[in-house]
Amino acid sequence: MEWHLISPELTMAVLALVVILLDLVVEKKHYLPIVSAVGLIVPLVLAIDLWNEGGLAMNDMLAVDKFAIFFKVLILGITAMVIMSSWRYVNDKFEHLRGEFYALILLSALGLMLMAAAREMITIYVSLELSSMSLYALTAFLKDRKSTESGLKYILLGGIASAILLYGMVLVFGFTGTTHLDGIGAALADGGAREPGLLLGVVLIASGFAFKIGAVPFHMWMPDVYEGAPTPVTAYLSVASKAAGFAVILRIFFEAFGEPGWLYDDWSVLWGVLAVVTMSIGNLLAIQQSNIKRLLAYSGVAQVGYILVGLAAANAAGQSGIMFYLAVYSLANLGAFIAVIAISNKIGSDEISDYSGMFKRAPVLALVLGVCLISLTGIPPTAGFMGKLVVFKAAMDEGMLWLVVFGVVNSVIAAFYYFKVMKVMFIGEAKSLVGIPSDSGIRAALVISIFGVLLLGIYPYALTKWADIAAVLLP
Amino acid sequence: MEVDITHYLVLSGILFSIGLFGALSKHNAVGILMCIEIMLNAANIAVVAFSRFLVEDTVVLTGHVFALFVIVVAAAEAAVGLAIVITLYRNRETVDVEKVDSMKG
């Protein structure tokens, strides 16, 4: 047993336990976010250290390949940014539950890291539930009307989705006789018949994960959960769990269902159709939103649609495109949400109309939010443009012109509601001229996201080269 | 008549459908949680049956282990779910999901 291969996960679990213990014994609780954020450096360094090594851990249940490490680093970075930027919000809103808050965030990040690495269905299921269970609790953390309601909606719909996913896994296990993804791939490649039960299993698995990433028609939970949950949790949920969801989808569909050819063609078209429906419905519903968190939720649905284009392409370029797009989307979406956290700390509202004249009150925050929204729209020189470019190019390589046409048309529709927010912020009348205070954590996180969005927009090679190396999944 | 894998799979399919129908149609949040448990246990029956009948005269243990993990996860899910339902009741004095609709659009 090579323990050092799972050292990032082990240190992550230890860090979460340390935070819980410190919460019990330490009087000065304001050290907790510092311990959590600084402690994340340990798993981060250990994960990067494994980049050149690779191998299989825990009886072949966890893959320590470049693909998994790319996602682990992404998830750890997201977690660190969320913890850094949320300490004031956490102090204000749930002072007595700070330890639990940080421990749950860390545990759910642990679940997501395991999801990115798991190559066996029991492990995938358990790590998925570890992350979901922590997120259910975090969603209901404010314990007020909206937060509890969103927590209830999340756990009921999430429970149904995970039961559906489980049934799909059971069917695939029944028709192939193994839960290891490579074993399933081998069993199917070697004379896998077009059994209806097997196809049902694949579709059920796809639906279960479509819920996790929030693809239409399994997106109904997203706006309600995003609106009611504490804003840092929303920020975390909108990027980290999507990233890990895509990691596990890529791994399952490439390693287990990559062969035979008919199955591959089937799921490529399945995700292609889902991509079109997801981006169209996400954008159309986003247009009519008046709450910034709901708007970002529906914009997130639309973004999932663009990312699914890369999955429908089902080639190596699609894989690395998805990884690049997810990193870029995480930077921009986190930047937007962190600006929303800073603003809602002060004005206590998430209505877009209350953002009127925000440029006069907080020029830096408004500019950051503006740049992040431009990146989400996909306009150069921001990274969002490059992300769309690589993903759409992967689809073009496979001759899926129809997908790219839908993607481009939808990007234009999306510009409408992103610009609407910017118009309110930059041209609208300011309701008051009181400034919006921000703290060092929020500033640091915003600098990282803005720097990343602009750097990757001008020089995408800085990340695409790593994504290309990490796109190692083969059928 | 010998009981073979088909019988178990039919039973499991029926249970899963009952659970899914209940989860989508019930008004009581606790009832929905119970229906989710039925769905998970339907999957358990199927996975143990597959495990038992997959290879002639030998038992593949993967399915049994899978079922044990699912039981643990189901218990954890019920704990978190009931905690949220209790908070909901304290807030609104109802657990009827039709009345929990302050967010729309």
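Residues numbered from 1 in each chain as written. Chains lettered and ligands numbered in written order. Predicted model: local features only at pLDDT ≥ 70, side-chain atom pairs only at ≥ 80, totals over all residues. Heavy atoms only, no water.

### What about the nonpolar core?
Residue and element names in this part refer to chain A.
1) Next: In terms of nonpolar packing, the biggest core is built from 214 residues, with F209, F257, W271 and L308 touching the most fellow members.
2) Next: Considering each element in turn, this core owes the most residues, 19 residues, to helix α14 (residues 316-347).
3) Next: Every residue in contact with L308, bar those within four places of it in the chain, is listed here: I213, A215, F246, W271, L274, A275 and T278. (Core = buried A, V, L, I, M, F, W, Y, C linked by side-chain atoms within 4.5 Å. Buried < 20%, exposed > 50% of the residue type's maximum accessible area, 1.4 Å probe, protein only. Helix = DSSP H or I, 4+ residues; strand = E, 2+ residues; numbered from the N terminus. Contact = heavy atoms within 4.5 Å.)

### With respect to empty space enclosed by the protein
Residue and element names in this part refer to chain A.
1) Next: Following the criterion strictly, the structure yields two cavities of 30 Å³ or more and no others.
2) Next: There is about 100 Å³ of room inside the largest cavity.
3) Next: If you go around the largest cavity, the residues you meet are L128, E129, S132, Y136, Y154, G158, A161, S162, L165, G208, F211 and K212.
4) Next: For the lining of the largest cavity, the secondary structure elements donating two or more residues are α6 (121-139), α7 (145-176) and α9 (196-213).
5) Next: Per element, the largest residue contribution to the lining of the largest cavity is five residues, and it comes from α7.
6) Next: Here the lining of the largest cavity is composed, by residue class, of six nonpolar, four polar and two charged.
7) Next: Estimated volume of the second largest cavity: approximately 40 Å³.
8) Next: Lining the second largest cavity, in full, are Q303, Y325, V328, Y329, A332, S375, L376 and G384.
9) Next: Those elements that provide at least two residues to the lining of the second largest cavity are α14 and α16 (363-377).
10) Next: Looking at the lining of the second largest cavity, the element that brings in the most residues is α14, giving four residues. (1 Å grid on protein atoms, 1.4 Å probe; cavity = no way out; pocket = protein on both sides within 12 Å on 5 of 7 lines; lining within 4 Å. Points joined across faces, edges and corners; volume = space filled by probe spheres on them. Nonpolar A, V, L, I, M, F, W, Y, C, P; charged D, E, K, R; others polar.)

### So, the packing of aromatic side chains
1) Next: Taken as a whole and assessed by the stated rule, the structure comprises 26 aromatic pairs over all chains.
2) Next: The interplanar angle of 35° and the centroid separation of 5.2 Å between the aromatic rings of F94(A) and F101(A) together place this pair among those described as tilted. For the pair F94(A) and F101(A), one class covers both residues: buried.
3) Next: For the ring pair F253(A) and F257(A), a centre distance of 5.4 Å and an interplane angle of 75° mean the geometry is edge-to-face. Side by side, F253(A) and F257(A) carry an identical accessibility label, which is buried.
4) Next: Taken together, the ring pairs in this structure connect Y136(A), Y154(A), F211(A), W221(A), Y226(A) and F337(A) into an aromatic cluster.
5) Next: Its end group placed over the ring of W87(A), R88(A) keeps NZ or CZ at 5.9 Å from the ring centre.
6) Next: Geometry around F53(B) places R52(B) over its ring, the cationic atom sitting 5.5 Å from the centre. (Phe/Tyr/Trp six-rings, centres within 6.5 Å; stacked < 30°, edge-to-face > 60°. Lys NZ or Arg CZ within 6 Å of the ring centre and 35° of its normal.)

### With respect to the confidence of the model for chain B
Caution applies to low-pLDDT regions: their predicted coordinates should not be interpreted in detail.
1) Next: Model confidence for chain B is summarised by a mean pLDDT of 92, while 98% of its residues fall at 70 or above.
2) Next: Interface confidence for the predicted complex, given as ipTM, is 0.96, next to a pTM of 0.96. (pLDDT = per-residue confidence, 0-100.)

### Quick word on a nonpolar patch on the surface
All names here are of chain A.
1) Next: On the surface, a cluster of nonpolar side chains totalling about 740 Å² of accessible area is made up of V447, F451, L454, L455, I458, Y459 and Y461.
2) Next: The greatest single-element share of the nonpolar patch, amounting to five residues, is contributed by helix α19 (residues 440-458).
3) Next: Following the sequence through the fold, F451 ends up in helix α19.
4) Next: Overall, the relative accessible area of 55% leaves F451 in the exposed class. (Patch = residues over 30% accessible without salt bridge, like charges linked within 9 Å, V, L, I, M, F, W, Y side chains within 5 Å. Areas by Shrake-Rupley, 256 points an atom, 1.4 Å probe, with all protein chains shown as cover. Salt bridge = Lys/Arg side-chain N within 4 Å of Asp/Glu carboxyl O.)

### So, the interface of chain A and chain B
1) Next: Facing the 40 residues of chain A at the interface are 43 residues of chain B.
2) Next: Between chain A and chain B, roughly 3,600 Å² of surface is buried when both sides are summed, and carbon and sulfur atoms account for 78% of that area.
3) Next: On the chain A side of the contact with chain B, L152(A), Y167(A) and F173(A) bury the most area, a combined 17% of that side's loss.
4) Next: One salt bridge connects R92(B) with E149(A), and the closest N-O pair in it is separated by 2.8 Å.
5) Next: Our count for the contact surface shared by chain A and chain B stands at eight residue pairs in polar contact (both at pLDDT 80 or more).
6) Next: Here the side of chain A that touches chain B gets 22 residues from one element, more than from any other, and that element is α7(A). (Buried area = accessible area lost by both parts, 1.4 Å probe. Polar contact = N/O pair within 3.5 Å; in protein donor to acceptor, adjacent residues only side chain to side chain.)

### Section: helix α1 (residues 7-25) of chain A
Think of an α-helix as 3.6 residues a turn; residues three or four steps apart then line up on the same face.
All names here are of chain A.
1) Next: With 19 residues, α1 should cover 27 Å at 1.5 Å per step; its first-to-last C-alpha distance of 26 Å lies within 8% of that length.
2) Next: For α1, the full list of buried residues reads S7, P8, E9, M12, L15, A16, V19 and D23.
3) Next: Summarising the contacts, the buried residues of α1 are in contact with α2 (31-39), α3 (41-49), α4 (66-93) and α5 (98-117). (Expected span 1.5 Å × (residues − 1).)

### A look at the pattern of salt bridges
Should the charged atoms of two oppositely charged side chains come close, the side chains can pair.
All names here are of chain A.
1) Next: Enumeration according to the criterion identifies 16 salt bridges over all chains in this entry.
2) Next: As a salt-bridge pair, D182 and R119 come within 3.0 Å of each other at their nearest N and O atoms. Residue D182 is found in helix α8 (residues 181-189), and its partner R119 is found in the loop between α5 and α6; the two are separated by 63 residues along the sequence.
3) Next: According to the relative accessible area criterion, R119 is buried, its value standing at 6%.

### A short note on the side chain of S131(A)
1) Next: Mapped onto the fold, S131(A) is located in helix α6.
2) Next: When sequence neighbours within four positions are dropped, the list of residues in contact with S131(A) reads S108(A), G111(A), L112(A), M115(A) and K212(A).

### Observations regarding the environment of G441(A)
Residue and element names in this part refer to chain A.
1) Next: When you line up the elements, G441 lands in helix α19.
2) Next: Along the primary structure G441 and M84 are separated by 357 residues, whereas in three dimensions their C-alpha atoms are 4.8 Å apart.
3) Next: Ignoring sequence-local partners within four residues, the contact set of G441 consists of M84, S85 and W87.

### Considering unusual backbone geometry
All names here are of chain A.
1) Next: With an omega dihedral of 5°, the bond running from V216 to P217 counts as a cis peptide bond.
2) Next: Residue position: P217 is located in the loop between α9 and α10 (221-228).
3) Next: Omega for the peptide link from P380 to P381 comes to 10°, which places this bond in the cis form.
4) Next: Examined against the element boundaries, P381 turns out to sit in the loop between α16 and α17 (383-397).
5) Next: In this structure, D60 takes a positive phi of about 65° despite not being glycine.
6) Next: By secondary structure assignment, the location of D60 is in the loop between β1 (55-57) and β2 (62-64).
7) Next: Taking the relative accessible area as the measure of exposure, D60 reaches 37% and is therefore partly exposed.
8) Next: At A314, a residue that is not glycine, the phi angle is positive and equals roughly 55°.

### Let's talk about α7(A)
All names here are of chain A.
1) Next: The terminal C-alpha atoms of α7 lie 46 Å apart, and with 32 residues this matches the ideal 46 Å at 1.5 Å per residue to within 8%.
2) Next: Most of α7 sits inside the fold, with 28 of its 32 residues counted as buried.
3) Next: G177 occupies a position one or two residues after α7 and carries a positive phi of about 80°.

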